Amino acid sequence: MLAKETFNLLKKYHIHLDRRKGQNYLINNHFLSKIIENAQLDDSDIVLEIGAGIGTLTVPLASKVSKVIAIEQDKRIIPILRERLIEKDISNVEILIGDATKLDFPYFSKVVSNLPYQISSPITFKLLHYDFDFAILMYQLEFAQRMVAKPGEPDYSRLSVMMNLCSQTELLFKVPGKAFLPQPKISSAVIKLTPNKNPDVDKFFVKTCRALFQHKKKKSGKALLQSFHEICDLDFDRNTIRNIISHVDGRLIEERVFKLTPKEILMISRELEDVMEKI
Ligand code: SAH
């Protein structure tokens, strides 16, 4: 039913969806219900939806919560969204037209979105600057797996470390390509992301993490030496850099980057920062 409704609406408005704009519309009722269920909504919630499209999620969300803030960038889609809301007599949706990576978000308690995949990374990091209960988000499966990967696993990356320190992240279920129109070649997955209240990460940590993961398979001392320019733009000679790195716990320096836990990376960054403050 959802598939037919979506298909007919797009035909009526002569819309050709564009995958490059992240336009993969959900057409499967089963997965739609699972997303809504996991959001545990009640009438005190204000929900942020990024990439509302023709309102497939917006409509059921609006019926459960006090307000939905729906962001959509494609101006061709907005009239369909508006008309659908009027048709269904829904008046608690605020539509914001624009690029979700650039807009300031008004207050919200939860996020529920089938994200446009090309902005997965900037949107996820942007959300971590806001205070909210939790988010239920659809990502490309690959991206979702990198978000939840543990040290030593092949998908373990800078993203996994950041997610681990800034949030509780859980992969809830996978969604096959055939649940969308147009059908993407890859699968997707729904993640529950609960932000930590006061994450310990700062700019120095972010730089250290970036330097380390440029050489994921190397020992961390070597990785830091080779990418020290990511941490500090002062023109230190190699011996000075070696000397700075030698102040970090020897066991951590000898460990391969992909095996370091997020807490260990935090320790490395703190120790480096302490030494550098004294220089
Ligand atoms: N929520 C709908 C649509 C998902 S597709 C559904 O589940 O069916 C993602 C939507 O995000 C598309 O409508 C696309 O036009 C929109 N979009 C793409 N980039 C965007 C951006 N930077 N900011 C806001 N919306 C964007």
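Here the structure is a predicted model, which means the values were calculated and not measured. (Residues numbered from 1 in each chain as written. Predicted model: local features only at pLDDT ≥ 70, side-chain atom pairs only at ≥ 80, totals over all residues. Heavy atoms only, no water.)

Before going further, it helps to examine the overall build of the protein chain. Summing up its helical and strand segments, the protein chain has twelve helices and nine strands in all. Each of the three principal axes of the protein chain carries a C-alpha extent, and together these read 70 × 35 × 30 Å. Here the protein chain holds 279 residues, and 52% of them are scored as buried. Within the structure as shown, the protein chain displays about 14100 Å² of accessible surface, and the carbon and sulfur contribution to it stands at 50%. Separation between the mean location of the 41 positive side-chain charges and that of the 35 negative ones in the protein chain comes to 7 Å. (Helix = DSSP H or I, 4+ residues; strand = E, 2+ residues; numbered from the N terminus. Buried < 20%, exposed > 50% of the residue type's maximum accessible area, 1.4 Å probe, protein only. Areas by Shrake-Rupley, 256 points an atom, 1.4 Å probe, with all protein chains shown as cover. Lys, Arg positive; Asp, Glu negative; His and termini not counted. Charge placed at Lys NZ, Arg CZ, Asp CG, Glu CD.)

This part is about the environment of Leu260. With respect to the helices and strands, Leu260 occurs in the loop between helix 11 (250-254) and helix 12 (262-278). With 99 residues separating them along the chain, Leu260 and Val161 place their C-alpha atoms 9.5 Å apart. Beyond its immediate sequence surroundings of up to four residues, Leu260 is in contact with Pro151, Tyr156, Leu212, Ser220, Leu252, Glu255, Ile265 and Ile268. (Contact = heavy atoms within 4.5 Å.)

Time to look at the side chain of Thr58. By the element assignment, Thr58 lies in helix 3 (residues 58-62). Look past the residues within four positions of Thr58 in its chain and what remains in contact with it is Glu49, Ala52, Val68, Ala70, Leu81 and Val93.

Turning to the packing of helix 6 (residues 141-148) against helix 7 (residues 158-166), a few remarks are in order. Where helix 6 contacts helix 7, the axes come no closer than 6 Å and their chain directions differ by 55°. If you check the angle between helix 6 and helix 7, you find them oblique. Across from Phe143, Arg146 and Met147 in helix 6, the residues of helix 7 making contact are Leu159, Ser160 and Met163. (Axes fitted to C-alpha atoms, helices over the stretch in contact; angles between N-to-C directions. Parallel < 35°, antiparallel > 145°, perpendicular 65-115°, else oblique.)

Turning our attention to the environment of Val47. Within the secondary structure, Val47 sits in strand 2 (residues 46-50). Considering only alpha carbons, one finds Val47 and Ala70, 23 residues apart in sequence, at a separation of 8.3 Å. Val47 has contacts with Leu41, Leu61, Val65, Lys67, Val68, Ile69, Lys110 and Val112, leaving out every residue within four places of it along the chain.

This part is about the nonpolar core. Generally speaking, a soluble globular protein has its nonpolar side chains buried in company with each other. By size, the foremost hydrophobic cluster in this structure holds 61 residues, and its most contacted members are Ile50, Leu127 and Leu193. When residues no more than four places from it in sequence are discounted, the contact partners of Leu193 are Thr124, Leu128, Phe132, Phe134, Ala135, Leu137, Tyr139, Met147, Met163, Ser167, Gln168 and Thr169. By size, the runner-up hydrophobic cluster in this structure holds 33 residues, among which are Leu2, Ala52, Val59 and Leu85. (Core = buried A, V, L, I, M, F, W, Y, C linked by side-chain atoms within 4.5 Å.)

Attention shifts here to the domain arrangement of the protein chain. When the domains of the protein chain are assigned, the result is domain 1 (2-195) and domain 2 (203-277). Across the contact, eleven residues belong to domain 1 and 15 residues belong to domain 2. For the domain 1 and domain 2 pair, buried surface summed over both sides reaches about 1000 Å², with 73% attributable to carbon and sulfur atoms. The three residues of domain 1 that bury the most area against domain 2 are Tyr156, Arg158 and Leu165, which together make up 53% of that side's buried surface. Run the count over domain 1 and domain 2 and you get zero salt bridges. For the interface between domain 1 and domain 2, the tally reads four residue pairs in polar contact (both at pLDDT 80 or more). Across the side of domain 1 that touches domain 2, the residue classes break down as six nonpolar, three polar and two charged. (Domains from an automatic or database assignment. Buried area = accessible area lost by both parts, 1.4 Å probe. Salt bridge = Lys/Arg side-chain N within 4 Å of Asp/Glu carboxyl O. Polar contact = N/O pair within 3.5 Å; in protein donor to acceptor, adjacent residues only side chain to side chain. Nonpolar A, V, L, I, M, F, W, Y, C, P; charged D, E, K, R; others polar.)

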